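Geometric and topological summary
Here's the letter readout for the chains.
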Amino acid sequence: MDGVRVGNRIIGADSPVTVGWENIPKVEGGPFKRAFFTWFQPTMLLALVAFWYYAPNDIAKASTAIWIGIGVKLFMMALEVMSPRHTSWNITWKELVTDLFYVGISYTLVRLAGKYFGDDAMIELIRNAFDWSTFAWFVALPLLLQAFLISFIFDFGQYWMHRGMHNWHPLWLTHAPHHYITQLNVHKGAVGNPVELFLIGLGIGGFFDFLPRAALLAGSLGLAVGIYQHINVRFNSPSWWRFLFNTTEHHSVHHSQDYEGSRSNYSGTWIIIDRMFGTCVDGEAELLGMEGGRRMSVGETMVYPFTEGWRSFKERFGRREPVAVPAE
Ligand SMILES: [Zn+2]
Ligand SMILES: [Zn+2]
């Protein structure tokens, strides 16, 4: 395969990747269906932002956010049946059962993290560790600007963590199992090794309980955009949306079997961060996974960072057999 040149690299030399929005299929059907799949994403984002902006204090709390998250996921499952992006990604019983296992683990871990870090003493500790008057200027900013800054700064960190995972072997070991998924659907964000999930869970569950409204707003931005990373729905996202935000298309390139393609689109929400650092590839891929799409079992996913870590450790530092030097 030849691949397509994007910047200074060749994308799609190992496995097909469609590069360029103009080459990506659109939603077919009547005008109502097309309008729905064009405006759904911005409408949901606007609705969530409006909800968290105006919700009274006794509703604007973490548990409400969790229920909204579950509701949005169920709705996405319905959309996956209505407008699948690739029929080869359609959910099977085997996929659904294993996915729900990982979803169960992620909720348990988030709750566990919440229990430890949501603990009153811990909250006090964190609160007292900072001199909050330093942040007085931040709290004085308009609420939506605060929400944007929290979301953007958080994603900026996430971008470098994710890019680090793809460039530093010890971090890669925790992230690799997530790259063995062979299809995208709404549950796939939870599929991976618990060590990685725990690191993500800390951020979500741990600091949830005492989040100010600006952070809840930032979280809803993450939900209304981040949910599309792993989903099997074809949308006609408006071009400004694709320019600013991460999409299924971007993330499918990240999960592609093409090595260069997978080293792109690291951000969670703001794909514009990838544009800033030259790692954005606008396109999509259908063939996903590592080792040509080998499906990793649940057991292997659980132990992979340790077994593979031990194997590469031995390879690197283990005793080497003396090699016979050929006589000159
Ligand atoms: Zn990755
Ligand atoms: Zn992913």
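See the structure above.
These numbers come from a predicted model, not from an experiment.

Calculation rules
Residues numbered from 1 in each chain as written. Chains lettered and ligands numbered in written order. Predicted model: local features only at pLDDT ≥ 70, side-chain atom pairs only at ≥ 80, totals over all residues. Heavy atoms only, no water. Helix = DSSP H or I, 4+ residues; strand = E, 2+ residues; numbered from the N terminus. Areas by Shrake-Rupley, 256 points an atom, 1.4 Å probe, with all protein chains shown as cover. Donors = N, O, S within 2.8 Å, 3.2 Å for Na, K, Ca; no water. Phe/Tyr/Trp six-rings, centres within 6.5 Å; stacked < 30°, edge-to-face > 60°. Buried < 20%, exposed > 50% of the residue type's maximum accessible area, 1.4 Å probe, protein only. Lys NZ or Arg CZ within 6 Å of the ring centre and 35° of its normal. Polar contact = N/O pair within 3.5 Å; in protein donor to acceptor, adjacent residues only side chain to side chain. Contact = heavy atoms within 4.5 Å. 1 Å grid on protein atoms, 1.4 Å probe; cavity = no way out; pocket = protein on both sides within 12 Å on 5 of 7 lines; lining within 4 Å. Points joined across faces, edges and corners; volume = space filled by probe spheres on them. Nonpolar A, V, L, I, M, F, W, Y, C, P; charged D, E, K, R; others polar. Tetrahedral: all angles 85-135°; square planar, octahedral: opposite > 155°, others 65-115°.

**Quick notes on the overall build of the protein**
- If you tally the helices and strands in the protein, you get 14 helices and 4 strands.
- With an accessible surface of roughly 17500 Å², the protein has 67% of that area assigned to carbon and sulfur atoms.

**With respect to the coordination of the zinc ion (ligand 1)**
- For the zinc ion (ligand 1), the full set of protein donor atoms is His-162 (NE2), His-166 (NE2), His-175 (NE2), His-179 (NE2) and His-254 (NE2), and the range of their distances to it is 2.1 to 2.2 Å.
- In this structure, the zinc ion (ligand 1) lies 5.9 Å away from the zinc ion (ligand 2).

**Structural notes on the packing of aromatic side chains**
- All chains considered together, the criterion is met by 24 aromatic pairs.
- Relative to Phe-75, the ring of Phe-40 lies with its centre 5.6 Å away and its plane at 25°, an arrangement referred to as stacked. Linking Phe-40 in helix H1 (residues 31-54) with Phe-75 in helix H2 (residues 62-82), this pair joins segments that are 35 residues apart in sequence.
- Judged by its relative accessible area of 12%, Phe-40 is buried.
- Relative accessible area serves as the criterion here: at 41%, Phe-75 is assigned to the partly exposed category.
- Pairing Trp-241 with Phe-245 gives two aromatic rings, centres 4.7 Å apart and planes at 70°, and the pair type is edge-to-face. The same class applies to Trp-241 as to Phe-245, namely buried.
- In this structure an aromatic cluster arises from ring pairing among Phe-36, Phe-37, Phe-40, Phe-75, Phe-148, Phe-152, Tyr-228, Phe-235, Trp-240, Trp-241, Phe-245 and Trp-270.
- Across from the ring centre of Trp-21, 4.2 Å away, lies the NZ or CZ of Arg-242, which sits over that ring.

**Observations concerning the side chain of Gln-183**
- The topology assignment puts Gln-183 in the loop between helix H7 (169-175) and helix H8 (194-206).
- The class for Gln-183 is buried, based on a relative accessible area of 5%.
- A polar atom in the side chain of Gln-183 sits 3.1 Å from the backbone oxygen of Trp-89.
- A distance of 3.4 Å separates a polar atom in the side chain of Gln-183 from the backbone oxygen of Asn-90.
- Apart from residues lying up to four places away in sequence, Gln-183 is in contact with Ser-88, Trp-89, Asn-90, Ile-91, Glu-95, Lys-188 and Leu-288.

**Let's talk about empty space enclosed by the protein**
- Under the defined criterion, the tally for this structure stands at 2 cavities of 30 Å³ or more.
- Considered as a void within the structure, the largest cavity measures approximately 150 Å³ in volume.
- What lines the largest cavity is a set of 15 residues, among which Tyr-102, Ile-181, Val-191, Arg-295 and Met-296 lie closest to the centre.
- Going through the elements one at a time, helix H3 (93-117) and helix H14 (298-317) are the ones with two or more residues in the lining of the largest cavity.
- Looking at the lining of the largest cavity element by element, the count peaks at 4 residues for H3.
- Classifying every residue of the lining of the largest cavity gives 7 nonpolar, 4 polar and 4 charged.
- Taken as a whole, the second largest cavity holds about 30 Å³ of empty space.

**Topic: the coordination of the zinc ion (ligand 2)**
- The protein atoms that coordinate the zinc ion (ligand 2) are His-178 (NE2), His-230 (NE2), His-251 (NE2) and His-255 (NE2), at distances of 2.1 Å.
- Around the zinc ion (ligand 2) sit 4 donor atoms, and with donor-metal-donor angles ranging over 90 to 162° the site reads as irregular.
- All donors to the zinc ion (ligand 2) come from one chain, and their sequence spacing reads H-x51-H-x20-H-x3-H.
- On the basis of relative accessibility, which here comes to 0%, the residue His-255 falls in the buried class.

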